[in-house]
Amino acid sequence: RLNDVPVAMTFATHFYFTTYHTFSNLLLRKITTRYRPGLVRFVFATGTVLAFSYFTAFMETLTISAYPDYSFEDRYMAYTVGSAFYGIYFIVSFPVFFRLDESGVKHTLFQTCFEALGSGMLVLILLDAVRLVLGIPFVMAGDLWKCTDCKH
């Protein structure tokens, strides 16, 4: 176990995320090749990314719930709100992956790393913005954050 996650699951994330992003690229490629550029295509592509992001997050949450090492305190909350929060990662990563893969422009390693870091920061900002809008308090939990020599 690594960080209380089975090691096999750590390696499995590669093929999970490759599959998710392959399907998102297929959807976005179909939209960009079938429809003329303009507001309607932009709105349709944005709606597709939003819907597919939530769908992907929801289906992963649903399918992983059968795995014995995972449990949810509130299954309904995990499926609905948890999937929405998890979907934020895909809202950012699907278009970025599409741009890196489909733009026809060769990206240097530096550009790719820079965009990946920027995407990570955008995800963090979006997660925190949604948390603030919903009024959810920020709680940092875990043994790492406990004071070991506090005199309390």
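See above for the structure.
Just so you know, the residues in each chain are numbered from 1, in the order the chain's sequence is written. Given that this is a predicted model, residues contribute local features only at a pLDDT of at least 70 and side-chain atom pairs are listed and counted only at 80 or more, while totals for whole chains, interfaces and linings are drawn from all residues. The side-chain values count all of the structure's non-hydrogen atoms but skip hydrogen atoms and water molecules.

(A) View of a nonpolar patch on the surface. A surface patch of nonpolar side chains, amounting to about 320 Å² of accessible area, comprises Leu2, Val7 and Phe11. Helical segments are the DSSP runs of H or I of at least four residues, strand segments are the runs of E of at least two, and each set is numbered from the N terminus. With respect to the helices and strands, the residue Val7 is situated in helix 1 (residues 7–34). Burial classes follow relative accessibility: with a 1.4 Å probe on protein chains only, a residue under 20% of its type's maximum area counts as buried, one over 50% as exposed, and anything between as partly exposed. For Val7, a relative accessible area of 38% gives the class partly exposed. A residue counts toward a patch only above 30% relative accessible area and without a salt bridge, and it is joined to like-charged neighbours within 9 Å or, for Val, Leu, Ile, Met, Phe, Trp and Tyr, to nonpolar neighbours within 5 Å. Accessible areas in this description were obtained via Shrake-Rupley with a 1.4 Å probe; residue shielding takes into account the shown protein chains only. By definition here, a salt bridge exists when the distance from a side-chain nitrogen of Lys or Arg to a carboxyl oxygen of Asp or Glu is within 4 Å.

(B) The pattern of salt bridges, seen in detail. One pass over the structure, following the stated rule, counts two salt bridges. Put simply, Glu115 and Arg99 hold a salt bridge, and the shortest N to O gap is 2.2 Å. Within this pair, whereas Glu115 is found in helix 4 (residues 109–134), its partner Arg99 is found in helix 3 (residues 75–102), the two being separated by 16 residues in sequence. The class for Arg99 is partly exposed, based on a relative accessible area of 41%. Asp128 is the salt-bridge partner of Arg131, the closest N and O atoms lying 2.8 Å from each other. Taken together, the residues Arg131 and Asp128, both in helix 4 and three residues apart, mark about one turn of the helix. When its relative accessible area of 16% is taken as the criterion, Arg131 is described as buried.

(C) Layout of the packing of helix 3 against helix 4. Throughout, an axis means a line fitted to C-alpha atoms (over the contacting stretch in the case of helices), and angles, computed between N-to-C directions, take values from 0 to 180 degrees. At a minimum axis distance of 9 Å, the contact between helix 3 and helix 4 shows a crossing angle of 155 degrees. Between helix 3 and helix 4, the angle is such that the two are roughly antiparallel. The interaxial crossing formed by helix 3 with helix 4 has right-handed handedness. Note on element contacts: helix 4 touches helix 3 through Thr112, Glu115, Ser119, Leu122, Val123, Leu126, Leu127, Val130, Arg131 and Leu134, opposite Phe85, Ile88, Tyr89, Val92, Val96, Arg99 and Leu100. Only Asp, Glu, Lys and Arg are considered charged, only Ala, Val, Leu, Ile, Met, Phe, Trp, Tyr, Cys and Pro nonpolar, and every remaining residue, Gly among them, polar. Residue composition of the contact of helix 3 with helix 4, grouped by class: 12 nonpolar, two polar and three charged. The labels follow the angle: roughly parallel below 35 degrees, roughly antiparallel above 145, roughly perpendicular from 65 to 115, and oblique for the rest. A clockwise turn of the near helix away from the far one marks a right-handed crossing, whereas an anticlockwise turn of less than a right angle marks a left-handed crossing. A contact between two residues is defined here by any heavy atoms of the two lying within 4.5 Å.

Everything listed here is a matter of geometry and, on its own, says nothing about what the molecule does.
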